[in-house]
Amino acid sequence: MVKEKILVIGASGQIGVELTLALRKIYGNASVVASDLREENDLLKGTGPYVSLDVMNKEMLHVQVIRQNITQIYLLAAILSATGEKNPNLAWNLNMQSLLNVLDIAKEEKLHKVYWPSSIAVFGPTSPKINCPQQTIIEPITVYGISKYAGEFWCNYYHQRYGVDVRSLRYPGLISYKSAPGGGTTDYAVEIFHDALEEKHYNCFLKEDTYLPMMYMPDAIRATIELMEAPAEKISIRTSYNISAMSFSPKEIGEAIQKRIPDFTIFCKPDYRQAIADSWPRSIDDSEARKHWRWSQEYDLSKMTEDMLVHLKHNREKVVV
Ligand SMILES: NC(=O)c1ccc[n+]([C@@H]2O[C@H](COP(=O)([O-])OP(=O)(O)OC[C@H]3O[C@@H](n4cnc5c(N)ncnc54)[C@H](O)[C@@H]3O)[C@@H](O)[C@H]2O)c1
């Protein structure tokens, strides 16, 4: 078996921390190099190698890939939907150039595999709202969505033209308790748990009936690893796979929390993020992922809510003690 050496770029972010830890369990701590522009996340400290790296600096990235004998890259550095609307140029530059830098190096160094996530943000107001299919009208209205859609076609291009084995998922909103979310429109579904435990109240920035596709982080990590470990011939979509687990509204997640914290209240006052959420589908058809590499989720709203509250309560008790 070929020994893989993996570089995770953006390892201190919401997905990066958990993905790095999961990859280290599979490939061994020393075989997974975490990297980020910001400092190493506390949860990663002592679990394996860490390098400080700006993915925009292609030369330095290239040096690291050669020096560390990297065979696979997971590129997670990006500016997300809500932050991107505040600084569109920065979002476009980072989201595009980081991907092109990685794809070029993957081509030159003949890396075995590259992972780069897209998002449901590729879809826009003209896409179907319910069970949005893999192939459909795609007219994103956020700079984040535009950058993800362009990125999907760069992945496809590098695969078709240069044989780079790059794989991708269109993640829905991701819910996690380990690391904080990084400025997306679905961040409310994480914040609500923290405020429920701290204040027994949450002020939501979306309307109560705004349905969005969501996924619990353990499912997202497993999906990512299953996609990356699937035989290449099973991966026939080289733009990015639709993937889904659950869809709910602020009202519904509020009710799921109230079942476990009866005096919890939620108040919804939409801000600029409502327009972003309104442009996205309410649910996603991921039948291709299920067919091609046998994707199947484990967590629904109830199971995820239960697990989030158990872990966050446990973390709070540790802090108090
Ligand atoms: N979290 C979600 O709900 C979600 C949903 C859909 C898609 N995604 C995608 O998944 C990927 C990871 O998202 P996340 O939620 O972990 O984001 P995040 O913002 O939490 O993490 C991104 C990390 O990238 C780092 N970074 C930024 N600029 C960098 C640079 N120039 N060089 C090196 N590192 C840099 C940041 O410091 C941060 O730690 C992104 O591509 C994002 O678009 C996330």
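What counts, and where the lines are drawn
Residues numbered from 1 in each chain as written. Predicted model: local features only at pLDDT ≥ 70, side-chain atom pairs only at ≥ 80, totals over all residues. Heavy atoms only, no water. Helix = DSSP H or I, 4+ residues; strand = E, 2+ residues; numbered from the N terminus. Rg over C-alpha atoms; globule rule 2.2 N^0.38 Å. Buried < 20%, exposed > 50% of the residue type's maximum accessible area, 1.4 Å probe, protein only. Contact = heavy atoms within 4.5 Å. Areas by Shrake-Rupley, 256 points an atom, 1.4 Å probe, with all protein chains shown as cover. Disulfide = S-S within 2.5 Å. Pairing = 2+ DSSP bridges. Axes fitted to C-alpha atoms, helices over the stretch in contact; angles between N-to-C directions. 1 Å grid on protein atoms, 1.4 Å probe; cavity = no way out; pocket = protein on both sides within 12 Å on 5 of 7 lines; lining within 4 Å. Points joined across faces, edges and corners; volume = space filled by probe spheres on them. Nonpolar A, V, L, I, M, F, W, Y, C, P; charged D, E, K, R; others polar. Phe/Tyr/Trp six-rings, centres within 6.5 Å; stacked < 30°, edge-to-face > 60°. Lys NZ or Arg CZ within 6 Å of the ring centre and 35° of its normal. Salt bridge = Lys/Arg side-chain N within 4 Å of Asp/Glu carboxyl O.

Draft legend 1. Main features of the overall build of the protein chain. Counting its secondary structure elements, the protein chain contains eleven helices and 14 strands. Relative to the globule expectation of 20 Å for 321 residues, the C-alpha radius of gyration of the protein chain, 19 Å, shows essentially globular dimensions. C-alpha extents for the protein chain along the principal axes are approximately 55 × 50 × 40 Å. The burial tally for the protein chain puts 56% of its 321 residues in the buried class. Taking contacts inside the protein chain between residues at least 6 apart in sequence as the whole, the part at least 24 apart equals 80%. Surface summary for the protein chain: the accessible area is close to 14,000 Å², and the carbon and sulfur share equals 52%.

Draft legend 2. Structural detail: the state of the cysteines. Under the defined criterion, the tally for this structure stands at zero disulfides. No disulfide involves cysteine 155; its sulfur sits 19 Å from that of cysteine 132, the nearest cysteine. Here cysteine 155 falls in the buried class, since its relative accessible area comes to 1%. Of the cysteine sulfurs around cysteine 204, a residue in no disulfide, the closest is that of cysteine 268, at 4.4 Å. You can call cysteine 204 buried: its relative accessible area is 2%.

Draft legend 3. The sheet that holds strand β6 (residues 118-119), seen in detail. Overall, parallel pairing links the three strands, which are arranged β6-β8-β12 in an open sheet. A strand with exactly one partner marks an edge of an open sheet, and here the two such strands are β6 and β12 (241-242). Pairing of β6 with strand β8 (residues 169-171), which is carried by two bridges, proceeds in the parallel orientation. Note on β8: the bridge partner recorded for serine 118 is arginine 170. Across the sheet, helix α7 (residues 217-229) lies against β8 and β12, angled at about 175° from β8, the strand it touches most.

Draft legend 4. Focus on the layout of surface pockets. Roughly 770 Å³ of volume is contained in the largest pocket. In this structure, the largest pocket is lined by 38 residues; those nearest its centre are Leu76, Ala77, Ala78, Leu80 and Gly182. Among the elements that line the lining of the largest pocket, the one with the most residues is helix α1 (residues 14-27), at three residues. Class assignment of the residues belonging to the lining of the largest pocket gives a composition of 20 nonpolar, 13 polar and five charged.

Draft legend 5. Structural view of the packing of aromatic side chains. Under the criterion given, the structure shown has twelve aromatic pairs. Residues tyrosine 74 and tyrosine 115 carry aromatic rings whose centres are separated by 5.7 Å and whose planes lie at 40° to one another, so their mutual orientation is tilted. One end of the pair, tyrosine 74, is in strand β4 (residues 72-75); the other, tyrosine 115, is in strand β5 (residues 113-115), with 41 residues separating them in the sequence. Side by side, tyrosine 74 and tyrosine 115 carry an identical accessibility label, which is buried. Centre to centre, the rings of tryptophan 154 and tyrosine 157 are 5.7 Å apart; their planes meet at 85°, and the pair counts as edge-to-face. Of the two residues, tryptophan 154 and tyrosine 157 both sit in helix α5 (residues 143-162), three residues apart, roughly one turn of that helix. A connected cluster of aromatic rings, assembled from ring pairs, spans Trp154, Tyr157, Tyr158 and Tyr162. The cationic tip of lysine 107 hangs over the ring face of tyrosine 162; the distance from NZ or CZ to the ring centre is 4.3 Å.

Draft legend 6. Up close: the pattern of salt bridges. One pass over the full model with this rule turns up 13 salt bridges. Between lysine 45 and aspartate 42 there is a salt bridge, and its shortest N-O distance comes to 3.0 Å. Of the residues examined, aspartate 42 reaches a relative accessible area of 59% and is grouped as exposed. As a salt-bridge pair, arginine 222 and aspartate 219 come within 3.0 Å of each other at their nearest N and O atoms. Within this pair, arginine 222 and its partner aspartate 219 are both found in helix α7, separated by three residues, close to a single helical turn. Each of Asp165, Arg167 and Arg238 takes part in salt bridges that share partners, so that together they form one network.

Draft legend 7. Structural view of the sheet that holds strand β11 (residues 212-216). Spatially, three strands are ordered β9-β11-β13 in an open sheet, and the strand pairing comes out mixed. On the outer flanks of this sheet lie β9 (173-175) and β13 (246-248), each paired with one strand and no other. Strand after strand, the sheet turns through a mean of 45° between neighbouring axes, direction not considered. The pairing of β11 with β13 spans three bridges and is antiparallel. Within the sheet, the bridge partner assigned to proline 213 lies in β13 and is serine 247. Seen against the sheet, helix α6 (residues 188-198) touches β9, β11 and β13 and runs at an angle of roughly 25° to β9.

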